[in-house]
Amino acid sequence: MSGRTRGTPQVPTKDCAVCGRTITWRKKWERDWEAVKYCSDACRRRAKSSSGVDADLETTLRRLLDERGRSKTVCPSEVARAVGGEDWRDLMEPARSAARRLVAAGEAEITQGGRVVDPSTAKGPIRVRLR
């Protein structure tokens with residue numbers, strides 16, 4: 001072993017337009033990287049069939065965050081319940097996606113156990129707070 005460590009080269013990233021997860025550059029996208037908007041086929045399909053629910057979730061999340069103030073957090077389930085009523089469970093992943101989009105826009109942070117985490121890799125219960 002020579003004592004030198006190899007650094008990983010920095011590759012471009014961007015956020016998915018639908019779910020807010022991080023998209024990392026791949027060789028196959030070399031020619032059309034600027035046109036890449038979605039992290040998966042599922043997000044591409046969802047973008048085409050997207051209704052006003054995503055906008056409602058983001059608006060509700062912003063409202064709840066503003067009502068609570070900077071030091072307080074909101075659970076995505078609260079947002080889903082406020083928008084979906086009895087059928088709120090179907091809105092859990094879209095509510096988490098709305099939170100990731102607010103993080104990508106620089107408006108919020110996602111936390112677990114009081115610590116800020118990467119929204120693309122966070123697993124399990126999360127909380128959202130104003131930045």
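Heads up: the structure comes first, above all this text.
A brief report on the enclosed structure follows. All values reported here derive from a predicted model rather than from experimental measurement.

## Describing the sheet that holds strand β5 (residues 115–116)
Then, in step 1: The sheet built from four strands is open, its strands ordered β3-β6-β4-β5 with antiparallel pairing. With one partner strand each, in any of the chains shown, β3 (73–74) and β5 form the two edges of the open sheet.
Then, in step 2: Alignment of strand β4 (residues 108–112) against β5, held across two bridges, turns out to be antiparallel. By the bridge assignment for β5, Gln112 is matched with Arg115.
Then, in step 3: Packed onto the sheet, helix α4 (residues 92–104) meets β4 and β6 (127–130) and runs at close to 125° relative to β4.

## A few points about the pairing of β6
Then, in step 1: Only one face of β6 is covered, namely the face carrying Val128 and Leu130; the face carrying Arg127 and Arg129 is uncovered.
Then, in step 2: For β3 and β6, the ladder comprises two bridges, and the chain directions are antiparallel. Residue Val74 lies in a different strand from β6, and its bridge partner there is Val128.
Then, in step 3: For β4 and β6, the ladder comprises four bridges, and the chain directions are antiparallel. Within β6, the position partnered with Glu109 by the bridge is Arg129.

Definitions and cut-offs
- Residues numbered from 1 in each chain as written.
- Predicted model: local features only at pLDDT ≥ 70, side-chain atom pairs only at ≥ 80, totals over all residues.
- Heavy atoms only, no water.
- Pairing = 2+ DSSP bridges.
- Helix = DSSP H or I, 4+ residues; strand = E, 2+ residues; numbered from the N terminus.
- Contact = heavy atoms within 4.5 Å.
- Axes fitted to C-alpha atoms, helices over the stretch in contact; angles between N-to-C directions.
- Buried < 20%, exposed > 50% of the residue type's maximum accessible area, 1.4 Å probe, protein only.

Purely spatial values, then, with no claim about function.
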